[in-house]
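One letter stands for each residue in the lines below.
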Amino acid sequence: MQWPVGIGSRRSNTGLSHLLVGACVDLGGRHVSKQLTMSPWEIGLIPFGLFLGSVAQRVTGMGGTLVAAPILVLASGAHVGVTVCLMANVIMSVIIFQRTWRQVRWRRIPTILVGVLGGSALGVATAGVLSGPLLQIAIGSMIVFATTLIAVGWQPRLARGNVGRVAAGGASGFINVLSGSGGPPLAIHAMADRWKHSEFVSTIQVVMIASALLAISLRQPVSLPPWLWLLIVGSVLLGLALGSTAAQRISPKASRHLVVVIAIGGGVAIIWKNVMSL
């Protein structure tokens, strides 16, 4: 049995309005319905995080979920935050793809997707073992670790060629299911394999669309109010539009540095918040 996520309203004893978010969590095959209380400012963090992520995605090609995921997980928890992030990632990638599809390296994609399938299956198994604060600590740790590897420019020899593509796809699928931020392993492979930046930006959109859709299908459903979905889509579109302008004025190097700072800061905040709750 599955419980959709729903949001209702409640007024607390202090007179402050809060929103109730129900989350369905899969714990070792058992589906547990859980109510999360979110304040209006936490709800506001969802479109804000997606706006920042969309700007980063348009400028760097893959920074969207690294920026958005920590903010969304902090605001709405692991299940709702990651699932919404994955859905937004599909929208971002489709829009960017239709502008860059001519430069896609189609022959490299099937090998990467083989790895994505295996990694996603392992991610689902891991999610069944971890729950609550431990799952969120794992998410924060993966975001910090993966972002750090990109920041230091790690390019191992094993990340090259067909073996590198399968490995990158596997790591990406695993991280994507758990945290919605599967871009870093693909970026590491692209750097090690000497991809052109334009080819990477276009090709990764195809991989991320497929990987995000797979991850969404493996997760429990999320049902939010129509007005919040409209806000989410609007924030993504606005961020992509602003990102198109920013891409012409901000160097890729400067934008990557900003993505790293935001992603690591958000990941550390997730870890700290949940360590304190143990």
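Described in the following lines is the structure provided in the data block. (Residues numbered from 1 in each chain as written. Predicted model: local features only at pLDDT ≥ 70, side-chain atom pairs only at ≥ 80, totals over all residues. Heavy atoms only, no water.)

This part is about the pattern of salt bridges. Side-chain pairing between opposite charges can occur once the charged atoms of the two side chains come close. Within the structure shown, the criterion is met by 2 salt bridges. Note that Asp193 is salt-bridged to Arg165, the shortest N-O span being 3.4 Å. With a gap of 28 residues between them, Asp193 in the loop between helix H7 (183–192) and helix H8 (197–218) and Arg165 in helix H6 (residues 161–179) connect regions that are remote in the sequence. Since its relative accessible area comes to 11%, Arg165 is described here as buried. (Salt bridge = Lys/Arg side-chain N within 4 Å of Asp/Glu carboxyl O. Helix = DSSP H or I, 4+ residues; strand = E, 2+ residues; numbered from the N terminus. Buried < 20%, exposed > 50% of the residue type's maximum accessible area, 1.4 Å probe, protein only.)

For the structure shown, the criterion picks out 2 aromatic pairs. For the ring pair Phe97 and Trp106, a centre distance of 6.1 Å and an interplane angle of 85° mean the geometry is edge-to-face. Taking relative accessible area as the criterion, Phe97 reaches 23% and is therefore assigned partly exposed. A relative accessible area of 47% places Trp106 in the partly exposed class. (Phe/Tyr/Trp six-rings, centres within 6.5 Å; stacked < 30°, edge-to-face > 60°.)

Following the sequence through the fold, Val206 ends up in helix H8. On the basis of relative accessible area, Val206 is assigned to the buried category, the value being 15%. The sequence separation of Val206 and Val90 amounts to 116 residues, and the corresponding C-alpha distance is 9.5 Å. For Val206, the residues in contact, after removing those within four places along its chain, are Phe97, Val104, Trp106 and Ile109. (Contact = heavy atoms within 4.5 Å.)

Spatial relationships are all this shows, so hold off on functional conclusions.
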